[in-house]
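Report on the structure
In case you want the letters, here they are:
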Amino acid sequence: MNFEISENQTMIAQMIRDFGEKEIRPKMMEWDEAQEFPVDLFKKLGGLGLMGVLVPEKYNGSGFGYHEYVTAIVELSKIDGSIGLSMAAHNSLCTGHIMQFGNEEQKEKYLPKLATAEYIGAWGLTEPNTGSDAGNMKTVAVQDGDYYVINGAKNFITHGKSGDVAVVIVRTGEVGDSHGMTAFVIERGTPGFTGGRKENKLGMRASETAEMIFDNCRVHKDQMLGNVGEGFIQSMKILDGGRISIAALSLGIAEGAYLAALQYSQERHQFNQPIAKFQGISFKLADMATKIEAAKLLIHQAADLKNKGKSVNKESAMAKLYASEIAVEVANEAVQIFGGYGFTKDYPVEKFYRDVKLCTIGEGTSEIQKLVISRAILK
């Protein structure tokens, strides 16, 4: 693996830093307090090519690989994890699923609009009583001629209310059968498809999380992604890439918290010297920096394999597990370094601390990642 930062990565990072200082940082606490999903901001991100980073240029995408994609998520998340989360979910889940499993007609119809953020994407697998136990999902599609009638509900869905198009996995076979689920792409406005309750969250509050409800929603068979019974298998492959996204999100938040703590420790004086001079603080910073670098290597290893079209099942789970766990540690230590000020909203680490916990939960908990890893290494 080439460890050098590419010209494209450097360009993307600087573009996002400039954009973020102008368009995100001044408003992010306002969005956080109001739990506002800033749709207009994502339209601007679409104009920069960031809502279709991995989409080929022939579909109006940027045509980049996973190293550039990771860089984009990290740089957004160093400023605001909510924006990094929504950008990642749009790219790797909804857009990624259509790109990987859609037919050419579906790709031509949806990818250009998703890549430019004309459409905001959502992806629905999780249900109220079936988190990691997707085989027992209750959302069912029954065939009726050329249509499927869908009934049920999905929850914890990023852009569940505001998304313009959603990839939804539903049960078309027997409960518990891994070949009994099918994926459909469904547009907002389809009769019987509505957004439900929006979650009131601890962190990531500017990234919308809501229910999607299906009440006799009729979807034509042409909206099916792949074939009947392939939905679960498709989802597992999509989640392998999704773990890279959450790992990158974790890394960005960790870097943001670390850089804030590093700067503060050099500016804050106690006993006539910067607090960074004290070993109690400098050793914390050393541990934080080391863990961030280790996470970065795991993530870019997974990205490299993904670019080469190889399996990333184990590597993405390792990256997600480690990056999310150390991000929580780094954010916690950043609050400690800030002391009482770290507990106030006047300083940035308070928000990093709230946002980062989702990273150990989203795309599967840390325990799920350990299960994935252990199965891979025990084969």
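Criteria and thresholds
- Residues numbered from 1 in each chain as written.
- Predicted model: local features only at pLDDT ≥ 70, side-chain atom pairs only at ≥ 80, totals over all residues.
- Heavy atoms only, no water.
- Salt bridge = Lys/Arg side-chain N within 4 Å of Asp/Glu carboxyl O.
- Helix = DSSP H or I, 4+ residues; strand = E, 2+ residues; numbered from the N terminus.
- Buried < 20%, exposed > 50% of the residue type's maximum accessible area, 1.4 Å probe, protein only.
- 1 Å grid on protein atoms, 1.4 Å probe; cavity = no way out; pocket = protein on both sides within 12 Å on 5 of 7 lines; lining within 4 Å.
- Points joined across faces, edges and corners; volume = space filled by probe spheres on them.
- Nonpolar A, V, L, I, M, F, W, Y, C, P; charged D, E, K, R; others polar.
- Patch = residues over 30% accessible without salt bridge, like charges linked within 9 Å, V, L, I, M, F, W, Y side chains within 5 Å.
- Areas by Shrake-Rupley, 256 points an atom, 1.4 Å probe, with all protein chains shown as cover.
- Lys, Arg positive; Asp, Glu negative; His and termini not counted.
- Charge placed at Lys NZ, Arg CZ, Asp CG, Glu CD.
- Phe/Tyr/Trp six-rings, centres within 6.5 Å; stacked < 30°, edge-to-face > 60°.
- Lys NZ or Arg CZ within 6 Å of the ring centre and 35° of its normal.
- Axes fitted to C-alpha atoms, helices over the stretch in contact; angles between N-to-C directions.
- Parallel < 35°, antiparallel > 145°, perpendicular 65-115°, else oblique.
- Left-handed = near helix turned anticlockwise from the far one by under 90°.
- Contact = heavy atoms within 4.5 Å.

**Observations concerning the pattern of salt bridges**
Under the counting rule described, the total for this entry stands at 23 salt bridges. In this structure, Asp240 engages Arg243 in a salt bridge whose closest nitrogen and oxygen atoms are separated by 2.8 Å. Of this pair, Asp240 and Arg243 both sit in helix α7 (residues 231-267), three residues apart, which is roughly one turn of the helix. We classify Arg243 as buried; its relative accessible area is 6%. Of the charged contacts, one joins Glu350 and Arg354 as a salt bridge, the two residues approaching to 2.5 Å between their closest N and O atoms. Separated by four residues within a single helix, Glu350 and Arg354 lie in helix α10 (residues 349-356), roughly one turn from each other. By relative accessible area, Glu350 is classed as buried at 11%. A network of salt bridges, in which partner residues are shared, links Arg17, Glu75, Lys78, Glu255, Glu293 and Lys296.

**Focus: the layout of surface pockets**
Roughly 1400 Å³ of volume is contained in the largest pocket. Thr126, Ile361, Gly362, Glu363 and Gly364 are, among the 48 residues lining the largest pocket, the residues nearest its centre. Secondary structure elements with two or more residues in the lining of the largest pocket: α5 (81-101), β1 (121-124), β3 (147-158), α7, α9 (313-338) and α11 (366-377). Take the lining of the largest pocket: its biggest share by element is nine residues, from α7. Across the lining of the largest pocket, the residue classes break down as 23 nonpolar, 14 polar and 11 charged. Taken as a whole, the second largest pocket encloses approximately 350 Å³ of empty space. Around the second largest pocket sit 17 residues that line it, and Arg25, Gly256, Ala260, Gln263 and Pro348 are the ones nearest its centre. Elements with a minimum of two residues in the lining of the second largest pocket: α1 (7-24), α4 (66-79) and α7. In terms of residue count, the dominant contributor to the lining of the second largest pocket is α7 (six residues). Looking at the lining of the second largest pocket, its residues break down into nine nonpolar, two polar and six charged.

**What to know about a negative patch on the surface**
Taken together, Glu104, Glu105, Glu108 and Asp222 make up a surface patch of like negative charges. Inspection of the secondary structure assignment puts Glu108 in helix α6 (residues 104-115). Glu108 gets classed as exposed once you look at its relative accessible area, which sits at 52%.

**Some details on the packing of aromatic side chains**
The full count for this structure, using the stated rule, is nine aromatic pairs. Plain terms: the ring middles of Tyr264 and Tyr347 are 6.1 Å apart, the flat faces sit at 80° to each other, and that makes the pair edge-to-face. Placement of the pair is Tyr264 in helix α7 and Tyr347 in the loop between α9 and α10, with a sequence separation of 83 residues. What links up through ring pairs into an aromatic cluster is the set Tyr264, Phe338, Tyr341 and Tyr347. The ring of Tyr147 has Arg218 lying over it, and the distance from NZ or CZ to the ring centre is 4.8 Å.

**Topic: the packing of α7 against helix α8 (residues 279-307)**
At their nearest, the axes of α7 and α8 sit 10 Å apart, and the two run at 155° to each other. As the angle between them shows, α7 and α8 are arranged roughly antiparallel. The hand of the α7/α8 crossing is left-handed. Residues Lys237, Gly241, Ile244, Ala247, Ala248, Leu251, Ala254, Glu255, Tyr258, Ala261, Leu262 and Ser265 of α7 touch α8, and the partners they reach there are Ile281, Leu285, Met288, Ala289, Ile292, Ala295, Lys296, Ile299, Ala302, Ala303 and Lys306. Considered class by class, the residues forming the contact of α7 with α8 number 17 nonpolar, two polar and four charged.

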